[in-house]
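Structure assessment
This is what each chain is made of:
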Amino acid sequence: MCCALRPSRKRNRIVAAIALAAFLTLTPWAALSSTSAAAQSPSPSPSPTPSASLTPVPTTINSDLSSGSAVLNLGSNFLERLGNQATSGFGGALRSNPAGGGASEATEGPRYRTWGELYGISTTIGTQGDFVGDKRRTVGGVAGFGARVAPGVNVGFSVDQSHTTVDVPLALQSATLDLTQIGFNASVDKGPWTWAVAVEEAGGGLDPVAASGAMLQRARLLAGAEIGHYWIVDQKVLDLSAYGKFVDNFSQDFSSVVVSLGEQSITVQGIGESQYGADAGASASLSLTNTARLYVNYDAKFRAALQSHQGTLGVEFRW
């Protein structure tokens, strides 16, 4: 065939089924025909033709490598948002002075809160070794619930559901990924300090055909600064802020993947981020009442071979 086609596992299975059906249908006729020919006049049997040995190529599983990398990056994004909810949520200043206007910090504020978010992510990754690069588009939603269990002690629970499309044009491949993440956070306010922790569990569907499994791990160090200001207009609070972070991925483990095709196999290295990079973003929050607010966030990630842009629209209620 002279034209290149995108790989399609479903199409391959259909073609194989048709070929098998044709073989089972034609075999009895072929046996009868050869028997009749042998009775009429013997003919020399044809010499067998040696079959060509197929060898897998590194780009065969580019879409699988991309999907694995997407899972790791989405997990990192979710953990960062969990951390933001734990350390600020409705705003640390509002928690320590819920009535505002110089009211006593002992004033009791709302004890429970819930939030929902819609977000979209656009990511572009360049060439890395045998990986030819990709483009990813993600849309998702988040729902969460938090509570103050004791003075200055807050806990929260969050669920994230996302859908990602991966396009690897230079390898003529594409993939889709549906990912569910569940997270828990907790924070303790002590004077001007807030101590927080966030953990998450993810589950998705990766089905690398004729490829071994892979382990993806990353540990990073973030250092940055945030600046912001708020205005009170007609009993509504408008809060604007921006931040910048330096990122050091001081430990990354992207195990190699063994790709097999028949009796042949090759080893392909996983893909990751560059060790150093930067994050930047901005947010706007509008507190409509003491118990409701709207917010919008923009977050960008810049690495040597990766650029990611995310927009988030959210709403939060307290009672």
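Residues numbered from 1 in each chain as written. Predicted model: local features only at pLDDT ≥ 70, side-chain atom pairs only at ≥ 80, totals over all residues. Heavy atoms only, no water.

**Here we look at the pairing of strand 4 (residues 173-190)**
Where strand 3 (residues 153-168) meets strand 4, 16 bridges bridge the pair, whose relative direction is antiparallel. In the sheet register, Ser-158 faces strand 4, and the bridge partner there is Gly-183. Where strand 3 folds back on strand 4, the antiparallel hairpin that results is connected by four residues, among which Leu-172 adopts a positive phi of roughly 55°. (Pairing = 2+ DSSP bridges. Helix = DSSP H or I, 4+ residues; strand = E, 2+ residues; numbered from the N terminus.)

**Structural notes on the pattern of salt bridges**
Counted under the stated rule, the structure contains 12 salt bridges. The closest approach of N and O atoms between Asp-134 and Arg-136, which form a salt bridge, is 3.2 Å. A salt bridge links Lys-301 to Asp-279; the shortest N-O distance between them is 3.5 Å. Of this pair, Lys-301 sits in strand 11 (residues 292-302) while Asp-279 sits in strand 10 (residues 276-287), and the two are 22 residues apart along the sequence. Residues joined in a network through salt bridges with shared partners are Glu-80, Arg-218, Arg-220, Glu-273, Asp-279, Lys-301 and Arg-303. (Salt bridge = Lys/Arg side-chain N within 4 Å of Asp/Glu carboxyl O.)

**Topic: the pairing of strand 3**
Sheet analysis places strand 2 (residues 134-150) next to strand 3, joined by 15 bridges and oriented antiparallel. Following the sheet pairing, Arg-137 is matched in strand 3 by Thr-165. Counting the residues in the hairpin turn of strand 2 and strand 3 gives two residues, including Gly-152, whose phi is positive at 80°.

**Some words on the packing of aromatic side chains**
Per the counting criterion, the structure on display carries four aromatic pairs. Their ring planes at 45° and their centres at 6.2 Å tell us that Phe-145 and Trp-319 sit as a pair that is tilted. Placement of Phe-145 in strand 2 and of Trp-319 in the segment after strand 12 (306-318) is noted, with a sequence separation of 174 residues between them. Relative to Tyr-276, the ring of Phe-246 lies with its centre 5.9 Å away and its plane at 25°, an arrangement referred to as stacked. Separated by 30 residues along the polypeptide, Phe-246 in strand 7 (residues 236-254) and Tyr-276 in strand 10 bring together distant segments of the chain. Relative accessible area serves as the criterion here: at 44%, Phe-246 is assigned to the partly exposed category. The exposure class of Tyr-276 is partly exposed, given its relative accessible area of 48%. Among the aromatic side chains, those forming a connected cluster through ring pairs are Tyr-112, Phe-145 and Trp-319. Taking the ring centre of Tyr-119 as reference, the NZ or CZ of Arg-81 above it sits at 4.6 Å. (Phe/Tyr/Trp six-rings, centres within 6.5 Å; stacked < 30°, edge-to-face > 60°. Buried < 20%, exposed > 50% of the residue type's maximum accessible area, 1.4 Å probe, protein only. Lys NZ or Arg CZ within 6 Å of the ring centre and 35° of its normal.)

**A word on empty space enclosed by the protein**
Taken as a whole and assessed by the stated rule, the structure comprises three cavities of 30 Å³ or more. When its volume is computed, the largest cavity comes out at roughly 140 Å³. Sorting the residues of the lining of the largest cavity by element identifies helix 2 (62-87), strand 1 (112-125), strand 2 and strand 12 as the ones contributing at least two each. Broken down by element, the residue count for the lining of the largest cavity peaks at four residues, all from helix 2. Class assignment of the residues belonging to the lining of the largest cavity gives a composition of four nonpolar, six polar and four charged. Here the second largest cavity is characterised by a volume of approximately 60 Å³. Lining the second largest cavity we find 10 residues, and of these Gln-85, Ala-86, Arg-113, Asn-154 and Ser-187 sit closest to its centre. Within the residue set of the lining of the second largest cavity, elements represented by two or more residues are helix 2, strand 3 and strand 4. A class-by-class count of the residues in the lining of the second largest cavity yields three nonpolar, five polar and two charged. (1 Å grid on protein atoms, 1.4 Å probe; cavity = no way out; pocket = protein on both sides within 12 Å on 5 of 7 lines; lining within 4 Å. Points joined across faces, edges and corners; volume = space filled by probe spheres on them. Nonpolar A, V, L, I, M, F, W, Y, C, P; charged D, E, K, R; others polar.)

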